[in-house]
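What follows is the residue order along each chain.
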Amino acid sequence: MREAPPDLGDVDVVTLLRDAWELLPISAEHLPWGFGAWHWRATEAGGRRWFVTADRLSRPGRQEELEATYGAAHELFDRGLAFVVPTVPSTAGPLTQRLGGYALSVTEWLEGERPTGELTGLGAEQTMTALAALHAEQPPSGIGVWNHALTDRADLEGLAKTSEQEWAGGPLSGEARAQVRAHLSRIPVWIARYDARVATALATREAWVATHGEPGTHNQIVTAQSRRWVDWESLRVAPRERDLTDLARTAGQIPGDVAADPELLEMFDLRWRLDEIATFSAWLRGPHTGTESDRVALGGLVEELTRPDWLPGDS
């Protein structure tokens with residue numbers, strides 16, 4: 001997230017790292033990176049640095065889910081998938097520690113470049129090689145199964161009604177409502193197409209594999225030695241197309257010998273689009289103050305409402 005959480009300060013992070021990981025950081029600096037979780041760079045007196053993530057415990061069982069998922073990623077690393085950046089266990093053993101309403105985790109700090117833009121050229125080749133290795137692995141026992149249910153279907157299906165009323169949660173509410181109203185007719189079409197693709201996917205469950213979920217450039221770091229992948233929170237057993245949409249967005253980046261079903265690629269594109277619309281519309285009709293994160297949410301909402309469809313069809 002672009003802003004630090006109001007109820008979790010730098011001193012809190014430093015204290016937890018000392019108590020639970022027996023690290024000795026002298027500072028923790030919030031990093032305005034990513035979306036959905038919060039991050040810090042913690043620095044020890046000798047200069048060694050660590051990457052700290054705080055995930056909000058938004059529902060019962062969330063910490064246990066994170067613990068199992070990070071454990072599954074660690075197992076993949078132990079098996080030899082060197083591109084995995086594993087979570088560092090706390091002194092007592094768990095990979096996460098609770099602090100207030102958050103679960104904190106730690107990984108090594110990687111010195112390298114955070115690539116931007118589309119996956120092309122060497123980056124696409126290296127990503128495809130890593131995905132082939134990941135997809136060939138027997139899924140670890142702790143890995144969860146991809147949940148095909150839309151994050152907030154009721155909210156999506158209710159947007160026609162909720163957008164009839166004024167949205168007054170903050171300075172960006174009016175623009176968000178106007179954008180939703182302008183594109184309302186497309187949302188039920190996307191939901192119907194998604195449901196049809198899910199039916200196809202569920203019929204192929206025996207072929208599902210371990211997937212990262214978001215292997216785009218935003219979750220990659222290019223070091224002097226190799227390309228490493230972070231943010232394994234989304235690791236799930238799923239159709240392999242879940243990991244191929246970023247590559248498929250750049251024409252010709254999926255090699256011809258890699259099996260990829262165009263309809264399942266569209267399914268995951270639709271899933272992303274619909275979840276983003278539900279999340280950002282709820283965010284912007286609710287209380288907000290116009291922060292950078294709020295503006296990113298508005299930009300994301302507009303992008304998902306207006307970008308072209310994945311495959312030709314009625315819209």
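Further up the page is the structure itself.
Below is a summary of the structure that appears in this document. (Residues numbered from 1 in each chain as written. Predicted model: local features only at pLDDT ≥ 70, side-chain atom pairs only at ≥ 80, totals over all residues. Heavy atoms only, no water.)

1. What to know about the pattern of salt bridges
Reasoning step 1: Per the stated rule, a full pass over the model turns up 20 salt bridges.
Reasoning step 2: For Glu-266, the salt bridge goes to Arg-193, with nearest N and O atoms at 2.5 Å. With a gap of 73 residues between them, Glu-266 in helix 9 (residues 262-285) and Arg-193 in helix 7 (residues 186-202) connect regions that are remote in the sequence.
Reasoning step 3: Each of Arg-59, Arg-62, Glu-65, Glu-233 and Arg-236 takes part in one network of salt bridges that share partners. (Salt bridge = Lys/Arg side-chain N within 4 Å of Asp/Glu carboxyl O. Helix = DSSP H or I, 4+ residues; strand = E, 2+ residues; numbered from the N terminus.)

2. Focus on the sheet that holds strand 10 (residues 236-238)
Reasoning step 1: Strand order in the open sheet made by the three strands is 6-10-7, with mixed pairing throughout. Two strands bound the open sheet, and with one partner strand each, they are strand 6 (144-145) and strand 7 (209-211).
Reasoning step 2: Pairing of strand 6 with strand 10, which is carried by two bridges, proceeds in the parallel orientation. From the neighbouring strand, Gly-144 faces strand 10, where its bridge partner is Arg-236. (Pairing = 2+ DSSP bridges.)

3. Thoughts on the sheet that holds strand 2 (residues 38-44)
Reasoning step 1: The five strands are arranged 1-2-3-5-4 in an open sheet whose pairing can be described as antiparallel. Single-partner strands in this sheet number two, and they are strand 1 (25-31) and strand 4 (97-99). Averaged over all neighbouring strand pairs, the angle between strand axes comes to 30°, with direction disregarded.
Reasoning step 2: Both strand 1 and strand 2 contribute to a ladder of six bridges, which runs antiparallel. Opposite Leu-31, over in strand 2, you have His-39 as the bridge partner.
Reasoning step 3: Across the sheet, helix 1 (residues 10-20) is in contact with strand 1, strand 2, strand 3 (49-56), strand 4 and strand 5 (102-108); its angle to strand 1 comes to roughly 130°. (Axes fitted to C-alpha atoms, helices over the stretch in contact; angles between N-to-C directions. Contact = heavy atoms within 4.5 Å.)

4. With respect to unusual backbone geometry
Reasoning step 1: If you check the backbone angles, Glu-22 has positive phi at about 55° while not being a glycine.
Reasoning step 2: You can see Glu-22 is positioned in the loop between helix 1 and strand 1.
Reasoning step 3: The exposure class of Glu-22 is exposed, given its relative accessible area of 57%.
Reasoning step 4: The backbone of Asp-231 shows a phi angle near 60°, a positive value even though the residue is not glycine.
Reasoning step 5: By secondary structure assignment, the location of Asp-231 is in the loop between strand 9 (227-229) and strand 10.
Reasoning step 6: Given a relative accessible area of 37%, Asp-231 falls into the partly exposed group. (Buried < 20%, exposed > 50% of the residue type's maximum accessible area, 1.4 Å probe, protein only.)

None of this, on its own, says anything about what the molecule does.
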